[in-house]
Amino acid sequence: MYVKIVGTGSFLPERVVDNFEIARMVDTSDEWIQTRTGIKTRHIATKETVASMATEAARKAVADAGISPEEIDLIIVSTVSAEQSLPCVACEVQKALGISQVTAFDVNSACSGFITGYQMAAGQIKAGLAKTALVIGSECLSNGVDWTDRGTCILFGDGAGAAVLRADCAPEELCIPCVLHADGSQGEALTCSLGHGKDKVPYDEYYRMDGKAIFKFATRKVPEVIREVLELSGHTVEEIDYFVLHQANKRIIDAIAKRLRQDESKFPMNIMDNGNISSACIPMLLDDMNRKGMLKPGMKLVLAGFGAGLTWGGFYLEW
Ligand code: UT7
């Protein structure tokens, strides 16, 4: 028996920035961006914050789950782009939802963050420390985008996705087919340093990325971790209905599908409309699928993410 996702929600800022607008800022084109990444548009926050977007996505997930906010006893927010260090975003969400008696904290494992959040929450549920968890990925990546760097500014967007987790069995009957990995020795491949160092010299505060290195890493490591997850859950790759992957680049997802020898229709995407929203991508895509009626009871899914750290991981989910 597995920890279930019983409700999903998402939020996107209203302002849409298309490739033509980006091409007025840097030397690029709609054609290049679409062919090399799959992205057509992304949403960029104007007045929204990581906490306000997380709260909106959370409210929708709670409504979708058909529960009252008071039933939530654990809130985990994954983010790399909060406007403030303290208080944590999870506490801001707790305040906005008006609930007490709750454990609330943030995690930072970049684009693998929703997977990390799921593992933390599922572990707490299995340990009997929580019953109903809210796991949220919320990002305002535009806070750290260098709009003069065509290697990164074409990719990122803002938004939030949330999921309500619960078990429908006794905690001791639960298994958690989730795998997480990290390799800090490759951390230089994607960095962002907001704030100042000890010597008061401002850090370079923007995202800096070795796109090629991450591309190679993702296409090699994600199929591997999917196979590890399947070994833990005891399923074959053919049995999986959908692979819900981090939306970094359509070509990365296509390459993963090819390596797994699975049809592309098993790899839903929303990168065309939203771009890469780090830890928000996976729960937002799951919410899209849920609202479109693509998810039927008993369906078998593998969710997997990868990104800065470097980190990567995945888990098996039954709908
Ligand atoms: O969320 C997890 C973290 N991020 C990722 O997963 C990103 C993974 N990487 C990628 O998605 C791709 O590597 C990028 C989209 C970032 C870049 O695509 P690429 O196919 O790897 O391009 P490249 O870096 O090999 O560059 C090819 C050419 C270069 O020109 P030359 O040297 O061949 O003349 C670049 O200067 O394309 C040029 N280029 C661009 N041209 C037009 C790079 N960015 C752009 C651009 N528009 N925006």
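For the structure itself, look to the data block above.
The notes below deal with the structure included here. Everything numeric in this text was worked out from a predicted model, so none of it was measured.

Scoring rules and cut-offs
- Residues numbered from 1 in each chain as written.
- Predicted model: local features only at pLDDT ≥ 70, side-chain atom pairs only at ≥ 80, totals over all residues.
- Heavy atoms only, no water.
- Buried < 20%, exposed > 50% of the residue type's maximum accessible area, 1.4 Å probe, protein only.
- Helix = DSSP H or I, 4+ residues; strand = E, 2+ residues; numbered from the N terminus.
- Pairing = 2+ DSSP bridges.
- Near = heavy atom within 4 Å.
- Polar contact = N/O pair within 3.5 Å; in protein donor to acceptor, adjacent residues only side chain to side chain.
- Nonpolar A, V, L, I, M, F, W, Y, C, P; charged D, E, K, R; others polar.
- Contact = heavy atoms within 4.5 Å.

Moving on to the pairing of strand 11 (residues 242-245). The alternating pattern of strand 11 places Y242 and V244 on one face and F243 and L245 on the opposite face, and all of these are buried. With four bridges joining them, strand 11 and strand 12 (residues 300-307) adopt parallel strand pairing. Residue pairing across strands places L245 opposite A304, the latter belonging to strand 12.

Surveying the vicinity of the ligand reveals 22 residues, the closest of which are T28, R36, K212, N249 and N276. Note that an oxygen atom of the ligand is positioned 2.6 Å from one of the side-chain N or O atoms of N276. Within the residue set of the shell around the ligand, elements represented by two or more residues are helix 2 (30-37), helix 6 (211-233) and helix 7 (250-260). The biggest single contributor to the shell around the ligand is helix 6, with four residues. Here the shell around the ligand is composed, by residue class, of ten nonpolar, seven polar and five charged.

With that settled, consider the pairing of strand 6 (residues 132-140). Looking down a regular strand, the side chains alternate between one sheet face and the other. Among the nine residues in strand 6, nine count as buried, and that is most of the element. Neither face of strand 6 is exposed, since T132, L134, I136, S138 and C140 on one face and A133, V135, G137 and E139 on the opposite face are all buried. One ladder, built from five bridges, connects strand 4 (residues 74-78) with strand 6; its direction is parallel. Across the sheet, the residue bridging to L74 is A133, located in strand 6. As judged from the nine bridges shared by strand 6 and strand 7 (residues 158-166), these two strands associate in the antiparallel manner. Bridge pairing in strand 7 places L134 opposite V164.

Locating T311 in the fold gives a position in strand 13 (residues 311-318). Relative accessible area serves as the criterion here: at 12%, T311 is assigned to the buried category. For the pair T311 and R251, spaced 60 residues apart in sequence, the C-alpha to C-alpha distance is 19 Å. In contact with T311, not counting residues within four places along its chain, are S109, S112, H181, A182, F217 and F306. Separated by 3.1 Å, the side chain of T311 and the backbone oxygen of S109 make a polar contact. For T311, the side chain forms a polar contact with the side chain of S112, separated by 2.7 Å.

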